[in-house]
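Tertiary structure, described
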Amino acid sequence: MKDVTFGQYYPSHSFVHKMDPRVKILAAIAYIVAVFLVQSYHFVGFAACLLFVLITTAAAKVPFFRVLSSIKAILFFVFLSAVLQLFFHKGGTPLWEGGFITDEGLLSAGFIVARIFLVVLGASLLTLTTSPVELADGIESLLTPLKWIKFPVHEFALIMSIALRFIPTLLDETDRIVKAQKARGADFESGNVFKRAKALIPVLIPLLISSFRRADELADAMDARCYAGSKHRTKYKRMVPTYRDLIGVLVMAALITGVVLINTMLPF
Amino acid sequence: MRIVAENLSYVYSEKSKSLAVQALSGVSVTVESGEFFGIVGKTGSGKSTFVQHLNGLIKVGKDKGKLTVGDFDLTDKRCDYRALRSRVGMVFQYPEYQLFAETVREDVAFGLKNFMPDLGENDMEERIKTALELVGLDYEKIKDKSPFELSGGQKRRVAIAGVIVTRPEILVLDEPAAGLDPKGKREFIALLKRLHEKFVKTVIIVSHDMNLISENCDRAAVFSGGRIVAVGTPKEIFTDNEDILSDGLDLPLTAYVTKRLKEQGIDVNNDLTEEGFISAVALKYGGGK
Amino acid sequence: MALLEAENVSFSYDKKNMAVKNVSLSVDEGEYVAIIGHNGSGKSTLARLFNALLIPDSGKITVDGFCSSDKNALFEIRRRVGVVFQNPDNQLVASIVEDDVAFGPENLGVKREEIGERIEYALKAVGMEKFRKSSPTRLSGGQKQRIAIAGVLALKPGILVLDESTAMLDPQGRKEILEVVRKLNAEDRVTVIAITHYMEEVLHADKVFVVNDGGIAMQGTPAEIFRRAKEIKQMGLELPLAAYIAEKLRQRGVPVPEGIMTEEELAEALCVLLPKI
């Protein structure tokens, strides 16, 4: 259980890892926009996005199967979307006499699958190459303008990074409590949904109580280390964009331009 | 129920090459029915992994050796884990953190309801009462209280009552005295001895505390790097056993002093319990005068 | 003047039961002080009073001239009295070691460059400089607790309070922490207040306070305290095992000298007393 790390960060010192997290977050958003810009039937646009993913993966020195494995988790969702498209798409010629699956339906299902896959690949590249701490820092920095409307940016970021810090600890604890209750005959595997949900009570209550205890102790420890909100606070980690980020921005710009060009220039 | 492990191995995250950890490699040991058995070793030596096999919380992998507990063959796919778990009680570290019910009575009843759903009201109450009294709590006073309003020591006792309520033959405890102060610890060990005498046949204790092991256990096994490097009476494992020292484990105080004396040519042969040691030294001193 | 001084301090969580009753004590600069008592004796409340996490109901606590009852002095006190708590998992705030150590100095508004230096100093002081970029979740209990100590040291406190900081560790981890703390006391002149229920951990203290029922029941050097075995036992505590066995041996007529506290001392004493072969 200990090795379950949130977002599956893959440590390395690659080009992509060293990029400014803010640039990476913005790039990921831009990439997702690009994927959604690709219009129906322009599979060339998808090819461009896939190429981008492949190049980034290579530059990040992340094994490609690691990137792919993120898809496993959403496979059911993808399958469901594809089936829905297949069955409910109206228009087009049926593939066989009297059949309800049409050529357009098939295309549109393939299109949706490609779109979801590409979005997930891109997002997982972000979490694979950016540690949770960097992500939190990046988001905090990007949200800074919200301070003008009194949004508690610093507190929000602190909550996020503490949550990330405690995920492995709580997973460990869950594992321990599950085992302790199993040893007392608890059964989490059989019965219907309601029975299983009820079986979780002996795990959730101790977990909740221990989380409160931890929160209490953590608050004491933070107070003891002179925590007093964001006032007068300095920051040790500083994010400085480098030439890498410039290159990243250029590549993104190229991708989006490419997709838009493909959309407008190619026939269909 | 006798425990026989033969060549038991276990690997965490076996599928992933980078994360795989060999937690046990080729552990063979027999724990006889009725023993007060100790398991020692550093953190990460495999001792917790081993004991979690004993009630099937960790299943014996294919080609990973053999394990039988009484008539239960844990290598057999058809092994009835529910029945096994009601016979092998397991108390984890800081067991008070598993309490969840609204009342002490409810919490102690949890295991009973899981393992013996057909038990009548009266029988159930009788068992709960016995369990609470065995751990030194006043049934009438405590049964309707919330477990969360009790003191740390009381919580731990309630948690143990919740395990022994099914009357297991084997009781496994992982670091049972952790976090207790000296008095609490002494009382707790006394409680375990009492349980062992009257109620549970076999007690297995996992602990870092060598003094606790040498003072209380009939036999003990020393784990290191997923293997058992020594097994026997405290005297056997803590005498002339450089393996243990080289692994960074301390000797019990009695064993340390006995060893130092022996190096000086003074032989105080004893069983390494406090009483045994004190008697041997007193005898030696008296004999020399 | 003493570095930390408590004068007639009392405190109650619920205004009914007194957790700390009329405690007076003083700690001088550079001292290693141990506070020992059974669970629930009020010793952990003292730790929280020392660094102004709790404010006395009556009496006062002064640290380096600052009184904890003065609201403006709060942070002056907390930066001078660093507390390391019991559970290593519940006092680390960040997922990377150096970020965690930086947390205190960041709160104080220390300049960026200096934070870097403080991280380096603090991690070196606890022997964890190699783990600067690691994630604490992968470390052992003793290592995590050393990071927690580093996190406090980065505040450059004059006083380090250990509130049962070894209670949840294995023997290996306990040894690591004791070594680090003794070194900090001896070499870096950090004043140490170690709160514990392990008698073994008070052996190296200059001064021991025994807390019972919220008040100070005994004080003196470790040797002075251990001579009062009976009272210690009445307070739910125990002598170190070596001292206990020495006592038992004396009762059986073996004239082991008083003041034996460690297994080495016991072995040496018996080597002299017992006949060879």
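Scroll up to find the structure.
Residues numbered from 1 in each chain as written. Chains lettered and ligands numbered in written order. Predicted model: local features only at pLDDT ≥ 70, side-chain atom pairs only at ≥ 80, totals over all residues. Heavy atoms only, no water.

Quick look at helix H10 (residues 243–265) of chain A
Residue and element names in this part refer to chain A.
- Compared with an ideal rise of 1.5 Å per residue, which puts 23 residues at 33 Å, H10 spans 32 Å between its outermost C-alpha atoms and is within 8% of the ideal.
- Every buried residue of H10 is accounted for by Arg 244, Asp 245, Gly 248, Met 252, Leu 255, Val 259, Ile 262 and Asn 263.
- Taken together, the buried residues of H10 touch helix H1 (21–37) and helix H2 (43–60). (Helix = DSSP H or I, 4+ residues; strand = E, 2+ residues; numbered from the N terminus. Expected span 1.5 Å × (residues − 1). Buried < 20%, exposed > 50% of the residue type's maximum accessible area, 1.4 Å probe, protein only. Contact = heavy atoms within 4.5 Å.)

What to know about the packing of helix H3 (residues 97–108) of chain C against helix H5 (residues 141–153) of chain C
All names here are of chain C.
- One way to put it is that H3 packs onto H5 with a least axis distance of 7 Å and a crossing angle of 35°. As H3 packs across H5, the resulting crossing turns out to be right-handed. On the side of H3, the interface is formed by Val 97, Asp 100 and Val 101, while H5 contributes Ile 147, Ala 150 and Gly 151. (Axes fitted to C-alpha atoms, helices over the stretch in contact; angles between N-to-C directions. Left-handed = near helix turned anticlockwise from the far one by under 90°.)

Regarding the environment of Asp 267 of chain B
Residue and element names in this part refer to chain B.
- Its location among the elements puts Asp 267 in the loop between helix H11 (253–263) and helix H12 (274–288).
- Residue classification places Asp 267 among the partly exposed residues on the basis of a relative accessible area of 46%.
- Expressed as a C-alpha distance, the spacing of Asp 267 and Val 281, which sit 14 residues apart in the sequence, is 9.2 Å.

As for the interface of chain B and chain C
- Taken together, the contact pairs 33 residues of chain B with 35 residues of chain C.
- Counting each side, the surface lost to burial between chain B and chain C is near 3,100 Å², with a carbon and sulfur contribution of 64%.
- Along the contact surface separating chain B from chain C lie four salt bridges.
- On inspection of chain B and its partner chain C, the count reaches seven residue pairs in polar contact (both at pLDDT 80 or more).
- Grouping the amino acids of the side of chain B that touches chain C by side-chain chemistry returns 14 nonpolar, ten polar and nine charged. (Buried area = accessible area lost by both parts, 1.4 Å probe. Salt bridge = Lys/Arg side-chain N within 4 Å of Asp/Glu carboxyl O. Polar contact = N/O pair within 3.5 Å; in protein donor to acceptor, adjacent residues only side chain to side chain. Nonpolar A, V, L, I, M, F, W, Y, C, P; charged D, E, K, R; others polar.)

Topic: the interface of chain A and chain C
- Contacts between the two partners involve 31 residues from chain A, matched on the other side by 39 residues from chain C.
- The largest per-residue losses of area from chain A upon contact with chain C belong to Arg 165, Arg 225 and Tyr 236 of chain A, which jointly make up 29% of the total buried on that side.
- Viewed at the interface, chain C and chain A are joined by five salt bridges.
- One salt bridge in this structure joins Arg 225 of chain A and Asp 100 of chain C, with 3.2 Å as the shortest N-O distance.
- The interface formed by chain A and chain C includes 17 residue pairs in polar contact (both at pLDDT 80 or more).

Some words on unusual backbone geometry
- Phi angles above zero are rare outside glycine, and Asp 63 of chain B is one such case at about 60°.
- Topologically, Asp 63 of chain B is positioned in the loop between helix H1 (47–53) and strand E4 (66–69).
- Backbone geometry places Lys 15 of chain C, a non-glycine residue, at a positive phi of 65°.

Side note on the pattern of salt bridges
- Within the structure shown, the criterion is met by 45 salt bridges over all chains.
- Of the charged contacts, one joins Asp 99 of chain C and Lys 237 of chain A as a salt bridge, the two residues approaching to 2.7 Å between their closest N and O atoms. Taken together, the residues span two chains, with Asp 99 of chain C in helix H3 and Lys 237 of chain A in the loop between helix H9 (201–224) and H10.
- For Asp 99 of chain C, a relative accessible area of 11% translates into the label buried.
- Judged by its relative accessible area of 33%, Lys 237 of chain A is partly exposed.
- Of the charged contacts in the structure, one is a salt bridge between Glu 268 of chain C and Arg 260 of chain B, with a shortest N-O distance of 3.6 Å. Separated into two different chains, Glu 268 of chain C in helix H10 (residues 263–273) and Arg 260 of chain B in helix H11 make up a pair that spans both.
- A single network of salt bridges, built from pairs that share partners, joins Lys 237 of chain A together with Glu 98, Asp 99, Arg 132 and Lys 133 of chain C.

Describing helix H1 (residues 43–50) of chain C
- Among the eight residues that make up H1 of chain C, seven are buried, leaving the element largely enclosed by the rest of the structure.
- Buried residues of H1 of chain C: Lys 43, Thr 45, Leu 46, Ala 47, Arg 48, Leu 49 and Phe 50 of chain C, and no others.

Things to note about empty space enclosed by the protein
- Tallied over the full model, the rule gives seven cavities of 30 Å³ or more.
- Each pocket or cavity is described by its volume, and for the largest cavity that value is around 280 Å³.
- Looking at the largest cavity, it is lined by 19 residues, and the ones nearest its centre are Asp 137, Leu 158, Ser 161 and Lys 235 of chain A together with Glu 106 of chain C.
- Where the lining of the largest cavity is concerned, the elements lending two or more residues are helix H6 (132–143) and helix H7 (153–183) of chain A together with H3 of chain C.
- Counted by class, the lining of the largest cavity contains nine nonpolar, three polar and seven charged residues.
- Residues from two domains meet in the lining of the largest cavity; each of domain 1 (6–142 + 240–265) and domain 2 (153–224) of chain A gives at least three.
- For the second largest cavity, the calculated volume is near 90 Å³.
- Residue lining of the second largest cavity: Glu 173, Arg 176, Ile 177 and Ala 180 of chain A together with Phe 92, Gln 93, Tyr 94, Pro 95, Tyr 97 and Gln 98 of chain B, and that is the complete set.
- Considering only residue class, the lining of the second largest cavity consists of six nonpolar, two polar and two charged. (1 Å grid on protein atoms, 1.4 Å probe; cavity = no way out; pocket = protein on both sides within 12 Å on 5 of 7 lines; lining within 4 Å. Points joined across faces, edges and corners; volume = space filled by probe spheres on them. Domains from an automatic or database assignment.)

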